[in-house]
Amino acid sequence: MDSKRWSILYRGPLSSCNYGCTYCPFAKTRNTRAELRDDAEKLARFSTWVSAQTDRSIGILFTPWGEALIRKHYQRAMIDLSRMPHVERVAAQTNLSCKLDWIAECDLDTVAFWTTFHPTQTSMDDFLARCDTLDKIGARYSVGVVGFKEAYDEILELRERLSPSTYLWINAYKREPDYYTEEDVRRFEAIDPLFRYNTR
């Protein structure tokens, strides 16, 4: 391990989401104002700590137990962290439901987004319009979706409508043993070449 390069996975106490996906536990919680203040304070402390680590390069991935980027304190942190010369990458997992204008304030060579499409919560047209906004801003991103077998046609359509340069990853559904047949795996693998690895 290179002691001069750190990769940090950040998960603060945030645990609420503005979406209500039935399979997701985070859709069933709601943070209080006090909890959101606590989360913001801890995120600010983390950002201040990162700013002081100038003797190493740092990569950061925000994957909270909820939707972070609808919160202004996460938007501000992404902007500030992306502008720090020793931060080589700052990325966040997001359902992309937040306002997107703030992203233009980030260092676009540093910032990136791990976006997820939730077909029960938003339309494909609306989601793709947001992807188009990211393209116009010049932000880097990938798109993910849960690999429900009954959603295959919709996932295929999503792949066809996304820019060819945008990676579409399929998150394997693992709550049911032997959920996928070999044929299912091959069909999804034709869309996401890494899908078979995800099933394991």
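Residues numbered from 1 in each chain as written. Predicted model: local features only at pLDDT ≥ 70, side-chain atom pairs only at ≥ 80, totals over all residues. Heavy atoms only, no water.

Colleague: Looking at this structure, I do not really get the overall build of the chain. What am I missing?
Modeller: Regarding its fold elements, the chain presents six helices and six strands. Each helix and strand of the chain, placed in order from N terminus to C terminus, yields the pattern β-α-β-α-β-β-α-β-α-β-α-α. Computed over the C-alpha atoms, the radius of gyration of the chain is 18 Å, within 12% of the 16 Å expected from 2.2 N^0.38 for a compact globule of 200 residues. For the chain, the spread of C-alpha atoms along the principal axes amounts to about 50 × 35 × 35 Å. (Helix = DSSP H or I, 4+ residues; strand = E, 2+ residues; numbered from the N terminus. Rg over C-alpha atoms; globule rule 2.2 N^0.38 Å.)

Colleague: Where do I start with the sheet that holds strand β4 (residues 111-116) in this structure?
Modeller: Within a sheet, each strand pairs with its neighbour through backbone hydrogen bonds, oriented either parallel or antiparallel. Read from one edge of the open sheet, six strands run β1-β2-β3-β4-β5-β6, paired in parallel fashion. Each having just a single partner strand, β1 (5-10) and β6 (168-171) make up the two edges of the open sheet. When the angles between neighbouring strand axes are averaged without regard to direction, this sheet yields 20 degrees. Direction of pairing for strand β2 (residues 57-62) relative to strand β3 (residues 87-94): parallel, over a ladder of five bridges. Bridged to L61 within β3 is A91. Each of β5 (140-146) and β6 touches helix α4 (residues 152-161); the most contacted strand, β6, lies at about 160 degrees to it. (Pairing = 2+ DSSP bridges. Axes fitted to C-alpha atoms, helices over the stretch in contact; angles between N-to-C directions. Contact = heavy atoms within 4.5 Å.)

Colleague: Please clarify how the environment of T94 should be interpreted in this entry.
Modeller: Position of T94 relative to the elements: it lies in strand β3. The exposure class of T94 is buried, given its relative accessible area of 2%. Distance in space between the C-alpha atoms of T94 and D178 is 29 Å, their sequence separation being 84 residues. Residues contacting T94, with those up to four places away along its chain left out, are E67, L69, F113, W114, T115 and T116. (Buried < 20%, exposed > 50% of the residue type's maximum accessible area, 1.4 Å probe, protein only.)

Colleague: Looking at this structure, how should I read the packing of helix α1 (residues 33-52) against helix α2 (residues 72-82)?
Modeller: Relative orientation and spacing of two packed helices are given, respectively, by the angle between their axes and the distance between those axes. At their nearest, the axes of α1 and α2 sit 10 Å apart, and the two run at 5 degrees to each other. Comparing the axis directions of α1 and α2 gives the class roughly parallel. On the side of α1, the interface is formed by L36, D39, A40, L43, S47 and V50, while α2 contributes H73, Y74, A77 and L81. For the contact of α1 with α2, a count of residues per class yields seven nonpolar, two polar and one charged. (Parallel < 35°, antiparallel > 145°, perpendicular 65-115°, else oblique. Nonpolar A, V, L, I, M, F, W, Y, C, P; charged D, E, K, R; others polar.)

Colleague: What exactly am I supposed to notice about the pairing of β3 here?
Modeller: Regular strands have side chains that alternate between both faces of the sheet. Where the polypeptide runs from β2 across α2 and back to β3, its parallel neighbour, the crossover connection is right-handed. Bridge count between β3 and β4: five bridges; the pairing is parallel. Residue A91 lies in a different strand from β4, and its bridge partner there is A112. (Right-handed = clockwise from strand over helix to strand, strands pointing away.)

Colleague: Would you explain α2 in this entry?
Modeller: For an α-helix, 3.6 residues make a turn, and residues three or four places apart therefore share a direction. Among the residues of α2, those classed as buried are Y74, Q75, A77, M78, I79, L81 and S82. Those residues of α2 that are buried lie in contact with β1, α1, β2, β3 and β4.

Colleague: In this structure, what is going on with a nonpolar patch on the surface? I would like to understand it.
Modeller: Residues Y167, L194 and Y197 make up a contiguous nonpolar surface patch of roughly 340 Å² in combined accessible area. Inspection of the secondary structure assignment puts L194 in the loop between α5 (182-189) and α6 (195-199). (Patch = residues over 30% accessible without salt bridge, like charges linked within 9 Å, V, L, I, M, F, W, Y side chains within 5 Å. Areas by Shrake-Rupley, 256 points an atom, 1.4 Å probe, with all protein chains shown as cover. Salt bridge = Lys/Arg side-chain N within 4 Å of Asp/Glu carboxyl O.)

Colleague: Any chance you could explain the pattern of salt bridges here in plain terms?
Modeller: Side-chain pairs of opposite charge can arise where the charged atoms are in close proximity. Using the criterion set out here, one finds 12 salt bridges in the structure. For R76, the salt bridge goes to D80, with nearest N and O atoms at 3.0 Å. Taken together, the residues R76 and D80, both in helix α2 and four residues apart, mark about one turn of the helix. Judged by its relative accessible area of 33%, D80 is partly exposed. Where E157 meets R161, a salt bridge forms, and the shortest distance between an N and an O atom there is 3.2 Å.

Colleague: Honestly, the packing of aromatic side chains in this entry has me stumped. Any pointers?
Modeller: In this description, an aromatic ring pair is defined by two values, namely the gap between the centres and the angle between the planes. Scanning the model with the defined rule gives 16 aromatic pairs in all. Members of the aromatic cluster, joined through ring pairs, are F148, Y152, Y173, Y179, Y180, F188 and F195. Positioned over the ring face of W65 is R11, at 4.0 Å from the centre of the ring. Sitting above the plane of the Y152 ring, R187 keeps its charged end 3.8 Å from the centroid. (Phe/Tyr/Trp six-rings, centres within 6.5 Å; stacked < 30°, edge-to-face > 60°. Lys NZ or Arg CZ within 6 Å of the ring centre and 35° of its normal.)

It is worth stressing that arrangement in space is one thing and function is another; only the former is reported here.
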